[in-house]
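Examination of the molecular architecture
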Amino acid sequence: MKKKCILLFCLCFSVVVLAGCDSGSELTTEERDKIAEYSAGILLQHYGKYSRRLIRQEAAAPDNTELPAAATPVPVEDDKKPVESNETPEDGDQEENLREVSLDDLYHVAGMNVRYRSYAVCKEYPKKTSSFQLTAKKGHRLVVVQFDLKNTAKKLVKVNLGERQIDYLLDADGATYKPTIAIQKNGGMNYLDTKLKPGQSEKAILVFEIPKNSAPFGSAVLTIKEGDSASTVRLK
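Residues numbered from 1 in each chain as written. Predicted model: local features only at pLDDT ≥ 70, side-chain atom pairs only at ≥ 80, totals over all residues. Heavy atoms only, no water.

**Section: the overall build of the chain**
For clarity, the cut-off: By the criteria applied, helices consist of DSSP H or I runs no shorter than four residues and strands consist of E runs no shorter than two, each listed in order from the N terminus. Any residue under 20% of the maximum accessible area for its type is buried, any over 50% is exposed, and the rest in between are partly exposed; the area is computed with a 1.4 Å probe on protein chains only. By definition, residues are in contact when any of their heavy atoms lie within 4.5 Å. Method for areas: the Shrake-Rupley scheme with a 1.4 Å probe, in which residue coverage is limited to the protein chains shown.
Tallying secondary structure elements over the chain gives 3 helices and 12 strands in all. Evaluated residue by residue, the chain yields a buried proportion of 27% over its 236 residues. Summarising the internal contacts of the chain: among those between residues at least 6 apart in sequence, 71% fall at separations of at least 24. For the chain, the accessible surface area stands at approximately 18400 Å², while carbon and sulfur atoms represent 52% of it.

**Topic: the packing of aromatic side chains**
Using the following cut-off: Centre distance within 6.5 Å is the pairing criterion for rings of Phe, Tyr and Trp, where only the six-membered ring of Trp is used; planes under 30 degrees apart are then read as stacked, over 60 as edge-to-face, and the remainder as tilted.
Following the criterion strictly, the structure yields 1 aromatic pair and no others. Consider the rings of Y116 and F147, whose centres lie 6.2 Å apart with planes at 70°: the pair is edge-to-face. Of this pair, Y116 sits in strand β2 (residues 112-122) while F147 sits in strand β5 (residues 140-151), and the two are 31 residues apart along the sequence. Assessed through its relative accessible area of 22%, Y116 is described here as partly exposed.

**Things to note about the nonpolar core**
Heads up, the condition is: Residues enter a nonpolar core if they are buried and are Ala, Val, Leu, Ile, Met, Phe, Trp, Tyr or Cys, with the set joined through side-chain atoms within 4.5 Å.
Counting residues in each nonpolar core, the largest one holds 31 residues, and the members touching the most others are Y107, M189 and L222. Listed by contribution, the elements that provide at least two residues to this core are α3 (103-107), β2, β5, β6 (157-160), β7 (167-172), β10 (201-211), β11 (220-226) and β12 (229-235). Look past the residues within four positions of Y107 in its chain and what remains in contact with it is M112, V114, L161, R164, I166, Y168, M189 and I224. Grouped together as the second largest cluster of nonpolar side chains are 9 residues, L134, A136, L142 and V207 included.

**Points about the environment of L169**
Structurally, the position occupied by L169 is in strand β7. For L169, a relative accessible area of 25% translates into the label partly exposed. When the C-alpha atoms of L169 and P179 are compared, they prove to be 7.5 Å apart, with 10 residues separating the residues in sequence.

**A few points about the sheet that holds β2**
Condition: What makes two strands pair is DSSP finding at least two bridges between them. To obtain each axis, a line is fitted to C-alpha atoms, and for helices this fit is confined to the stretch in contact; angles are then taken between N-to-C directions over 0 to 180 degrees.
Strand order across the open sheet formed by 3 strands is β2-β5-β10, with antiparallel pairing between neighbours. Looking along the sheet, the strands with just one partner apiece sit at the ends: β2 and β10. Going from strand to strand, the sheet's axes swing by 20° on average, the running direction of each strand aside. The sheet contact formed by β2 and β5 spans 10 bridges and is antiparallel. Pairing of N113 across the sheet is with K150, part of β5.

Without other data, these values stay purely geometric and don't point to any function.
This is how it looks when you write it as structure tokens:
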């Protein structure tokens with residue numbers, strides 16, 4: 001009964017609206033179509049045999065579907081890194097570049113001439129008793145190398161080698177020795193401090209102490225050097 005009343009009301013309402021009001025206002029065609037469509041919808045909704053169907057629309061996929069961003073590869077550090085070597089050659093491995101010169105050029109004392117004379121192996125030097133005698137300590141022996149100095153100038157020559165950086169090395173039978181202090185009035189060749197008158201000659205020595213039980217003193221080489229200059233004397 002209720003549904004019939006509603007249907008009747010909708011029909012009456014549609015007739016009145018479509019026919020117009022007493023006010024004389026007219027509806028447009030579009031407005032009339034909307035009212036008719038609305039009334040029909042109400043009628044169908046309340047009609048018992050009508051089953052309203054709902055149409056579900058699937059959400060359309062957006063046009064610009066973004067794919068997940070690819071992960072940026074992270075560089076992997078290699079554990080096997082090259083190891084830098086900080087090793088440097090030892091001093092003994094570095095070769096010296098020495099310039100071979102004569103004894104006169106090495107000492108370069110103007111007016112003084114230097115010559116190697118001889119050598120001797122002994123227990124005491126000199127052999128005769130004197131106030132400047134040098135004796136080897138127990139279990140050792142002395143190697144005495146003698147030089148001749150001469151003033152070739154016509155004036156006094158003053159010599160002081162103690163202030164110079166001259167090195168003396170004796171290589172004998174596989175060993176190397178440095179000179180000791182020579183007990184000599186002029187200080188010996190390594191500490192030479194003397195004055196030579198014109199034409200005067202003088203003797204100066206180098207004294208080395210070597211073990212008594214060392215190999216027989218067969219051959220030896222004396223190297224005298226200062227800076228990058230060197231003079232080699234073979235003892236014989």
